[in-house]
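Below are the chains, spelled out letter by letter.
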Amino acid sequence: MIRLEGFRREIVIHKRQCQNTRSMTFCQRLLLISATVLACFPDAQGADHQSLTTAIRVENDSAIVSIHINQQEKPLRFLLDTGAEITIIDARTAQDLGLPEGKDIDVVTVGEQSTVPTVRINTLRLGPVHVGPIDVAKYDLTGLTRGVGSRVDGVIGIDVLSRKPFTIDYGKKQLSFGEPSRLRNTASAVRVPIRKGQGGYVVSAIANGTNRIELLLDTGTNFTQLPSQIWQQLTKEWQPQRVLCGAKSTGRDDSNSCFARLESMSFESLKIDHPVVKFLGQQQAGVFADPDPPGLLGTDFLKRFVVTIDFSNEEIILVPSSTYKVDPYEYSTVGFQYVKQGTTYFVASVLEESPAAQSGAQVGDEIVAIRGQPVGRLSRNDLHALLHGPPGTLVKLTLRRAGKSISYDLILRQLL
C-alpha cells in the first residue's frame, strides 16, 4: 500500500496580494506576505547559541506542530510546510476564533488558483517562538485534513519559519530552534545550498548522475514529485525499468500520476541510490502548469535525515538519522492508496496492473477488514503494515461497496 499524499497539496505555493478600494482593485504579485512579523525568543541574549526544542507529531510523514493563537489556551494543530510561502489557517478554525478578515490575496496551488481572504492574528506561538501581529491566509483545509488523516487547523509557512534556523528530527519527533553550529560541525553533515525562487526555496539536485534538476524544499508533501517537464528531460536518454501509474495527486481525479525508480539522486556529496519519485502528467492549472516549474522535494527524502533549514544563510544541513530504517516491503503491496474520513478508510486510487486492480477493487470502496482485522480503530501505520509484506504473501481483504461486503484474496507483489 502506498499511502495517499496527494490531498496535502492544497497548500499555497505562491500568491498575489490585492488591495481593494471602491473604485479599483490593484493586484501586485508578491513572493512573501507584506505583514509586520516579530519573532521573539526567550533569553534573547543567548538565543543564537542555544537550541530551543519542542515536541512534534509525525503523521503520514508530516510534521504536525502545536500552535497557540492569541489568548487561546487550547493548542491548534498546524502542518509545518516549507512549501507554503505564507501561513494559513483553516476557514472554520478562523471563524471559531473570531479572527477579523483583511485584504484578499490570490493563491496558487499545484492544482488551481483562487482568491482567499486574510485574517489578523495578534500573537502566534510555536513552542518558544512568538510571532505577531501577522496576517495569514484563510483557506478551506478539509482536503488537507483528509490527506493527513487527522484534523489540521492550519499551515506554518515560510513567513514564520524564515525568522530563525530550525531543525526537524522526524525520528525523535522534535523541532529545535537556534544556531545550528553543532550540526554544521558534525562529521556526517552535508551542507546543501538553497536559493530563493518563485514559490519558495529551491534545492539543486543531480538525477541519474548527469541531469541537474531543481526541487522546491517542501516539508508539506510526503512524496517527492517531478512535473512533466522535468520527467521528459530525464527520459530523453534513460527509461525506468518499471512504471506504476494510477496514483492520486490531489482531491480531484488525477490518474495520470505515476511512480518510478531513478538510478540515483544526489545533493552535493550526498547520493541516494534508486529512490522512488512521483511524476505528473501535463498540468493545465496551478504552479506545475508554468513553463519551467521546479519539482517538490518531500519528506520521503527528508525523513532519512535530521534536517536543519537556515533560510537566512540559504542552506540546509543534512545529517543521517540514527532512527531511519529502509522499509524493504514499501512497494511489495496490494496496490491501492487510501484516505481516512473520520474513523473510516476508503480506497482513494487503484494502481494499474496491481493485485488490487486485477481483483476489481474500486475507488470509493470502504475498507472493512484486512487479514481478518477490522480497520476502524487502526492507525495509518497499522494499516500500512497489514497491506505490505514479503512478495507472495496472501492478504485477505474485505471491502464494502453499495452496502454489500466483498472479499478478495490478494497476493502481495513487488510493484517497483
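Our structure's up above, just so we're on the same page.
Residues numbered from 1 in each chain as written. Predicted model: local features only at pLDDT ≥ 70, side-chain atom pairs only at ≥ 80, totals over all residues. Heavy atoms only, no water.

**A look at the pairing of strand β31 (residues 344-350)**
Using the following cut-off: Partly exposed describes any residue whose relative accessible area lies between the buried limit of under 20% and the exposed limit of over 50%, with all areas from a 1.4 Å probe on protein chains only and scaled to the type maximum. Note on conventions: DSSP H or I runs of at least 4 residues are helices, E runs of at least 2 residues are strands, and numbering of each starts at the N terminus. Paired strands are those between which DSSP finds at least two bridges.
Of all seven residues in β31, five are buried; the element is thus mostly enclosed. Inspection of the sheet shows strand β30 (residues 336-341) paired to β31 by six bridges, in the antiparallel sense. When the sheet's bridge partners are listed, Val339 is paired in β31 with Phe346. A loop of two residues connects β30 with β31, the two strands running antiparallel in sequence, and Gly342 in this loop sits at a positive phi of about 70°. Pairing geometry for β31 and strand β32 (residues 366-370), over two bridges, is antiparallel. By the bridge assignment, Tyr345 is partnered in β32 with Ile367.

**A word on the environment of Phe301**
What counts is decided by this rule: Contacts were defined at the residue level, with two residues in contact if any of their heavy atoms lie within 4.5 Å.
With respect to the helices, strands and loops of the structure, Phe301 is situated in helix α6 (residues 299-302). Its relative accessible area of 2% is what places Phe301 among the buried residues. Along the primary structure Phe301 and Val276 are separated by 25 residues, whereas in three dimensions their C-alpha atoms are 9.5 Å apart. Not counting residues within four places of it along the chain, the set of residues in contact with Phe301 comprises Thr224, Met265, Phe267, Ile272, Pro275, Val276 and Val277.

**Topic: the state of the cysteines**
Quick reminder of the rule: Two cysteine sulfurs form what is called a disulfide whenever their separation falls within 2.5 Å.
Under the criterion given, the structure shown has one disulfide. With its sulfur 2.0 Å from that of its partner, Cys245 forms a disulfide with Cys258. Across the S-S bond of Cys245 and Cys258 the torsion is about 100°, and the bridge reads as right-handed. A residue pair is termed long-range when its members are at least 10 positions apart, and Cys245 in strand β21 (residues 243-247) and Cys258 in strand β22 (residues 257-261) qualify at 13 residues. You can call Cys245 buried: its relative accessible area is 15%.

**Some thoughts on the pattern of salt bridges**
For the record, the criterion: A pairing counts as a salt bridge when a side-chain nitrogen of Lys or Arg comes within 4 Å of a carboxyl oxygen of Asp or Glu.
Per the counting criterion, the structure on display carries 13 salt bridges. With a closest N to O distance of 2.4 Å, Asp135 and Arg120 form a salt bridge. Within this pair, whereas Asp135 is found in strand β13 (residues 134-139), its partner Arg120 is found in strand β10 (residues 113-121), the two being separated by 15 residues in sequence. Look at Asp135 and you get buried, because its relative accessible area is 17%. A salt bridge links Asp273 to Lys271, with the shortest nitrogen-to-oxygen separation between them at 3.7 Å. Of the residues examined, Asp273 reaches a relative accessible area of 48% and is grouped as partly exposed. The class for Lys271 is exposed, based on a relative accessible area of 54%. Here the salt bridges do not stand alone but share partners, grouping Arg57, Glu59 and Arg77 into one network.

**What about the packing of aromatic side chains?**
This is how the line gets drawn: Classification of ring pairs rests on two measures: the distance between centres of Phe, Tyr or Trp rings, Trp counted by its six-membered ring, which must be within 6.5 Å, and the angle between planes, read as stacked under 30 degrees, edge-to-face over 60 and tilted in between. In our convention, an over-ring charge means Lys NZ or Arg CZ found within 6 Å of a ring centre and within 35 degrees of that ring's normal.
In this structure the tally under the stated criterion is eight aromatic pairs. A ring pair is formed by Trp231 and Phe279, whose centres lie 3.9 Å apart and whose planes are at 5°; its orientation type is stacked. You can see Trp231 sitting in helix α5 (residues 228-234) and its partner Phe279 sitting in strand β25 (residues 276-279), a full 48 residues away along the chain. You can call Trp231 buried: its relative accessible area is 9%. With a relative accessible area of 9%, Phe279 lands in the buried category. Look at Tyr338 and Tyr345: their rings are 5.6 Å apart centre to centre, the planes differ by 80°, and that puts the pair in the edge-to-face class. On the accessibility criterion, Tyr338 (0% relative accessible area) is buried. Overall, Tyr345 belongs to the buried group, its relative accessible area being 0%. Pairwise contacts between aromatic rings join Phe166, Phe177, Tyr201 and Phe311 into one cluster. Positioned above the aromatic ring of Phe301 is the side chain of Arg304, whose terminal nitrogen or guanidinium carbon lies 5.5 Å from the ring centre.

**Regarding unusual backbone geometry**
For the bond from Gly132 to Pro133, the omega torsion is 0°, close enough to zero to count as cis. Here the phi dihedral of Asn60 falls at roughly 55°; this positive angle occurs in a residue that is not glycine. Within the fold, Asn60 resides in the loop between β5 (57-59) and β6 (62-69). Judged by its relative accessible area of 7%, Asn60 falls in the buried class.

**Quick notes on the side chain of Asp90**
Keep this limit in mind: Here the positive residues are Lys and Arg and the negative ones are Asp and Glu; neither His nor the chain ends is included.
Assignment of secondary structure puts Asp90 in strand β8 (residues 88-90). One buried charged side chain, Asp90, makes no salt bridge at all; its nearest oppositely charged neighbour is Arg92, positioned 5.5 Å away. Apart from the residues within four sequence positions on either side, Asp90 is in contact with Tyr139, Asp140, Leu141, Thr142, Val152, Asp153 and Gly154.

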